[in-house]
Amino acid sequence: MNIGEASDRSGLPAKTIRYYEDIGLIRPDRSDNGYRDYRAGDVHKLRFLHRSRSLGFSVEECRQLLALYEDKSRASADVKDIATAKLTEIDRKIRELTELRRTLEHLVHACHGNERPDCPILEELSEG
């Protein structure tokens, strides 16, 4: 199948599919005229990558997960280690965002939001 059909079936834009090929995540066959020829297995990998990226895994983590997926002698502990590290990273980001929200919420409540020029938000930004 061509890249348009692979895009439709995988849910990924053609540009992303070409990028994944450029960095070696997928390797579609080439037809005699040089066009990419995607097989069902390629589309399956693309869906795998799409889902992995949607869960927040980096391209490199996706590469590792895809290699583990294709390795039938893999240890599930290796997969779990990658997922656990991602979960830890997500938890850290949530804590950081929660603190950012708390700070910004405090500043918003402190600002009168009227025609006066005094603004605690700008004061905080200039001090920070």
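Just so you know, the residues in each chain are numbered from 1, in the order the chain's sequence is written. With pLDDT at 70 or above as the cut-off, local features in this predicted model cover only qualifying residues; side-chain atom pairs require 80 or more to be listed or tallied, and sums for whole chains, interfaces and linings still use all residues. The basis for the side-chain values is all heavy atoms of the structure; hydrogens and waters are excluded.

- Named according to an unreviewed UniProt entry, the protein chain is Cu(I)-responsive transcriptional regulator originating from Rhizobium lusitanum.
- UniProt positions are given in the numbering used here, feature names are shortened, and annotations may be inferred rather than shown by experiment. UniProt annotates the protein chain under Subcellular location (unreviewed entry) with the comment "Cytoplasm".

1. Overview of the UniProt feature "domain: HTH merR-type" (unreviewed entry) in the protein chain
Phase 1: Under the feature "domain: HTH merR-type" (unreviewed entry), the UniProt entry names residues 1–68.
Phase 2: Segment residues 1–68 splits into 62% helix and 6% strand. End C-alpha atoms: 26 Å apart. Secondary structure elements follow DSSP: runs of H or I of four or more residues count as helices, runs of E of two or more count as strands, with numbering from the N terminus.

2. What about the UniProt feature "coiled-coil region" (unreviewed entry) in the protein chain?
Phase 1: UniProt records the feature "coiled-coil region" (unreviewed entry) for residues 80–110 in the present numbering.
Phase 2: Counting secondary structure, residues 80–110 comes out at 100% helix and 0% strand; the distance between its end C-alpha atoms is 45 Å.

3. Brief notes about the state of the cysteines
Phase 1: Throughout, a disulfide means two cysteine sulfur atoms within 2.5 Å of one another. Across all of its chains, the model carries zero disulfides by this definition.
Phase 2: Here Cys111 stays unpaired: no disulfide links it, and the sulfur of Cys119, its closest cysteine neighbor, is 3.8 Å away.

4. Overview of the domain arrangement of the protein chain
Phase 1: Residue ranges for the domains trace back to a domain assignment, done automatically or taken from a database. Segmentation of the protein chain into domains returns domain 1 (1–73) and domain 2 (75–127).
Phase 2: For domain 1 versus domain 2, the distance between C-alpha centres works out to 34 Å.
Phase 3: In what follows, residue pairs with any heavy atoms lying within 4.5 Å of each other are defined as contacts. Taken together, the contact pairs nine residues of domain 1 with eight residues of domain 2.
Phase 4: Note on definitions: buried area is the accessible-area loss of two parts on being combined, 1.4 Å probe, summed for both. A buried area of about 600 Å², summed over both sides, lies between domain 1 and domain 2, and 71% of it is on carbon and sulfur atoms.
Phase 5: Should a side-chain nitrogen of Lys or Arg be within 4 Å of a carboxyl oxygen of Asp or Glu, the pair is scored as a salt bridge. The interface formed by domain 1 and domain 2 includes one salt bridge.
Phase 6: Residues adjacent in sequence count toward polar contacts only when both atoms are side-chain atoms; beyond that, a polar contact is any pair of N or O atoms within 3.5 Å, and within protein one must be able to donate a hydrogen and the other to accept it. At the junction of domain 1 and domain 2, the tally comes to two residue pairs in polar contact (both at pLDDT 80 or more).
Phase 7: The residue inventory of the side of domain 1 that touches domain 2, partitioned by class, reads four nonpolar, four polar and one charged. Gly counts as polar in this scheme, as do all residues outside two lists: the nonpolar Ala, Val, Leu, Ile, Met, Phe, Trp, Tyr, Cys and Pro, and the charged Asp, Glu, Lys and Arg.

5. Comments concerning the nonpolar core
Phase 1: One finds Ala6, Ile17, Tyr20, Ile26, Tyr38, Leu46 and Leu49 to be the most contacted residues of the largest nonpolar core, which totals 18 residues.
Phase 2: Looking at this core, the elements with two or more residues in it are helix H1 (3–10), helix H2 (14–22), helix H3 (40–54) and helix H4 (59–70).
Phase 3: It is H4 that provides the largest number of residues to this core, a total of five residues.
Phase 4: The contacts of Leu46, once residues within four sequence positions are left out, are Ala6, Ser10, Leu12, Ile17, Tyr20 and Ile26. As used in this record, nonpolar core signifies buried Ala, Val, Leu, Ile, Met, Phe, Trp, Tyr and Cys residues forming a set joined through side-chain atoms within 4.5 Å. With a 1.4 Å probe rolled over the protein chains alone, any residue whose accessible area is under 20% of its type maximum counts as buried; one over 50% counts as exposed, and the rest are partly exposed.

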